[in-house]
Amino acid sequence: MVIEMVKVPENIREAFKTQKVIPMATVNKEAVPNVIYVGMWWWEDDETLCVVNNYLRKTLENIEANGWVSFVCYGKNGSYQIKCNAENHKEGSLYEKGYKIATDREKPYPGRSTVACKIVEIYQGSTGKGAGDKLA
């Protein structure tokens, strides 16, 4: 199956950027959900949201099992959900960037890897007209 990435519009990226911490959801092979909060993340480009792996255990196991993650955010212009195909990077430029974010601070974190999440779907998360609509 070929998975096509979608470009995330600036207004949706900005809605995510207004939140320091965002929920990240995964599911295991038995369809048991797992949701965590992540605070070390960034937009690498308009198709990729990256998360620093400091203490991801179940989340990383789920990603390695099926490769899917989902995020939700809210901003002044609405709420959005993105669904992504994720890949864990233990070397290379994304890993190096995540490692620097994790370790270059007063209280350093381990920065074990960087999870690159390629956006494949975007949904409206706000209530009312259009709630749950697929945007891309």
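Above this text is the structure in question.
Below is a short write-up of the structure. A quick note: this is a predicted structure, and the numbers were derived from the prediction, not measured.

1. Brief notes about the packing of aromatic side chains
(1) Moving on: With the rule as written, the count across this model stands at 4 aromatic pairs.
(2) Moving on: Relative to Trp41, the ring of Phe16 lies with its centre 6.4 Å away and its plane at 75°, an arrangement referred to as edge-to-face. Here Phe16 is found in helix α1 (residues 10-17), whereas its partner Trp41 is found in strand β3 (residues 41-45), with 25 residues between them in sequence. Residues Phe16 and Trp41 agree in their burial class; the two are buried.
(3) Moving on: Joined through ring pairs, the aromatic side chains of Phe16, Trp41 and Trp43 make up one cluster.

2. Some remarks on unusual backbone geometry
(1) Moving on: Positive phi outside glycine occurs at Ala31, with the angle close to 70°.
(2) Moving on: One can find Ala31 in the loop between β1 (22-27) and β2 (33-38).

3. A few points about the layout of surface pockets
(1) Moving on: In this structure, the largest pocket encloses a volume near 320 Å³.
(2) Moving on: Those elements that place two or more of their residues in the lining of the largest pocket are β2 and β4 (48-53).
(3) Moving on: Ranked by residues supplied to the lining of the largest pocket, first place goes to β2 with 3 residues.
(4) Moving on: For the lining of the largest pocket, the residue count by class is 11 nonpolar, 2 polar and 2 charged.

What counts, and where the lines are drawn
Residues numbered from 1 in each chain as written. Predicted model: local features only at pLDDT ≥ 70, side-chain atom pairs only at ≥ 80, totals over all residues. Heavy atoms only, no water. Phe/Tyr/Trp six-rings, centres within 6.5 Å; stacked < 30°, edge-to-face > 60°. Helix = DSSP H or I, 4+ residues; strand = E, 2+ residues; numbered from the N terminus. Buried < 20%, exposed > 50% of the residue type's maximum accessible area, 1.4 Å probe, protein only. 1 Å grid on protein atoms, 1.4 Å probe; cavity = no way out; pocket = protein on both sides within 12 Å on 5 of 7 lines; lining within 4 Å. Points joined across faces, edges and corners; volume = space filled by probe spheres on them. Nonpolar A, V, L, I, M, F, W, Y, C, P; charged D, E, K, R; others polar.

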